[in-house]
Structures are given as C-alpha cells and as structure tokens.
Amino acid sequence: MGADDAVSALFGAAQTRIDLMQSQVSGTLRCSLSLLAPGGCPFPAEHLPVWHAIVGAVRERGVQVRLVVDYDPVLQLETLAFLAGAQAALKPLGLQHHVQARWSGTDGGCIPRLP
C-alpha cells in the first residue's frame, strides 16, 4: 500500500473528527481552473482519493473536518477549488458545515469565502 492509499484509508476510517494541517491541497489542473464555475470543481470526478475519503467520512458518519491551509496566494487556487467542490457535494445532505478551513500565514486566520 502506498502513502496516498494509507492516508486515504486513514481518513476514510475516521469516526468523529479529522484535524488536518495541510500546506497545499492538490488537485487537477481542470479542477483548479473550474473554481469560477458554479459548484466549483466537479466532485468526485476531479478530486484525488484522499479528498474522496474525507468527504465520504462526512457523508457516511457525520465526521467533522477542520483544515488549516497555507495562506500563500499561489497555493490558494487548488484549496478553494477543493472547498467549493466539497461544499457543493455536501450541501444537498445538509453537511456542508462539517468541513471548516482556516488560513495560516501572515494574513491568515480568516474563513475563505467560497463562490
């Protein structure tokens, strides 16, 4: 089992809460460029397995997810695309508030505004 598979399995097995400090959220180029599209990045088609596992844990067990991500403007595009896609996937279930994100850095500490 590779590192990505192990992390996906770990997050997918979460029962109550995931607290994650992540410097950068990775996604596909198409996903990042879809940020301005309604609903953000199409979930799950363009997300990596680790993000599928996190959203699955929220859907299946109501897991609360708290992310701390790098405020660096260069790194924000993929993070915002992931958050918009996850929120769009969870909103029909009333679970969109189970994923919270905070920016870390010199101008951090604010909640990102989603399109």
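If you're wondering where the values come from, they're calculated on a predicted model, not measured in any experiment. (Residues numbered from 1 in each chain as written. Predicted model: local features only at pLDDT ≥ 70, side-chain atom pairs only at ≥ 80, totals over all residues. Heavy atoms only, no water.)

## Topic: the nonpolar core
Which entries qualify depends on this criterion: Residues enter a nonpolar core if they are buried and are Ala, Val, Leu, Ile, Met, Phe, Trp, Tyr or Cys, with the set joined through side-chain atoms within 4.5 Å. Exposure is judged per residue with a 1.4 Å probe applied to protein chains only, and the accessible area is read against the type maximum: over 50% gives exposed, under 20% gives buried, and values in between give partly exposed. The helix and strand labels rest on DSSP assignments: H or I over at least four residues marks a helix, E over at least two residues marks a strand, and numbering proceeds from the N terminus. Working rule for contacts: check all heavy atoms of both residues, and any pair within 4.5 Å makes them a contact.
Ranked by size, the top nonpolar core spans 24 residues in total, and within it I18, V65 and L67 carry the most contacts. Among the elements of the structure, strand 1 (17-22), helix 3 (49-61), strand 2 (64-70), helix 4 (73-90) and strand 3 (99-104) are those that each provide at least two residues to this core. At 7 residues, the largest contribution of residues to this core is made by helix 3. Sequence-distant contacts of L67, defined by excluding residues within four places in its chain, comprise L20, W51, F82, L83, V99, Q100, A101 and R102.

## As for the pattern of salt bridges
Note the threshold: When a carboxyl oxygen of Asp or Glu is within 4 Å of a side-chain nitrogen of Lys or Arg, the pair counts as a salt bridge.
What the rule picks out here adds up to 3 salt bridges. In this structure, D19 and R17 form a salt bridge, with 2.8 Å as the shortest nitrogen-oxygen distance. Between R66 and D19 there is a salt bridge; the shortest N-O distance is 2.7 Å. Placement of R66 in strand 2 and of D19 in strand 1 is noted, with a sequence separation of 47 residues between them.

## What to know about the sheet that holds strand 3
For the record, the criterion: Here, any two strands with at least 2 DSSP bridges between them count as paired. Here an angle of 0 to 180 degrees is reported between the N-to-C directions of two axes, which are lines fitted to C-alpha atoms, with helices fitted over the stretch in contact.
Across the sheet, 3 strands lie side by side as 1-2-3; this open sheet has parallel pairing. On the outer flanks of this sheet lie strand 1 and strand 3, each paired with one strand and no other. On average, each strand axis in the sheet is inclined to that of its neighbour by 15 degrees, with strand direction left out of account. Where strand 2 and strand 3 come together, 6 bridges link them in parallel fashion. Residue L67 lies in a different strand from strand 3, and its bridge partner there is A101. Packed on one face of the sheet, helix 4 meets strand 2 and strand 3 and runs near 165 degrees to strand 3.

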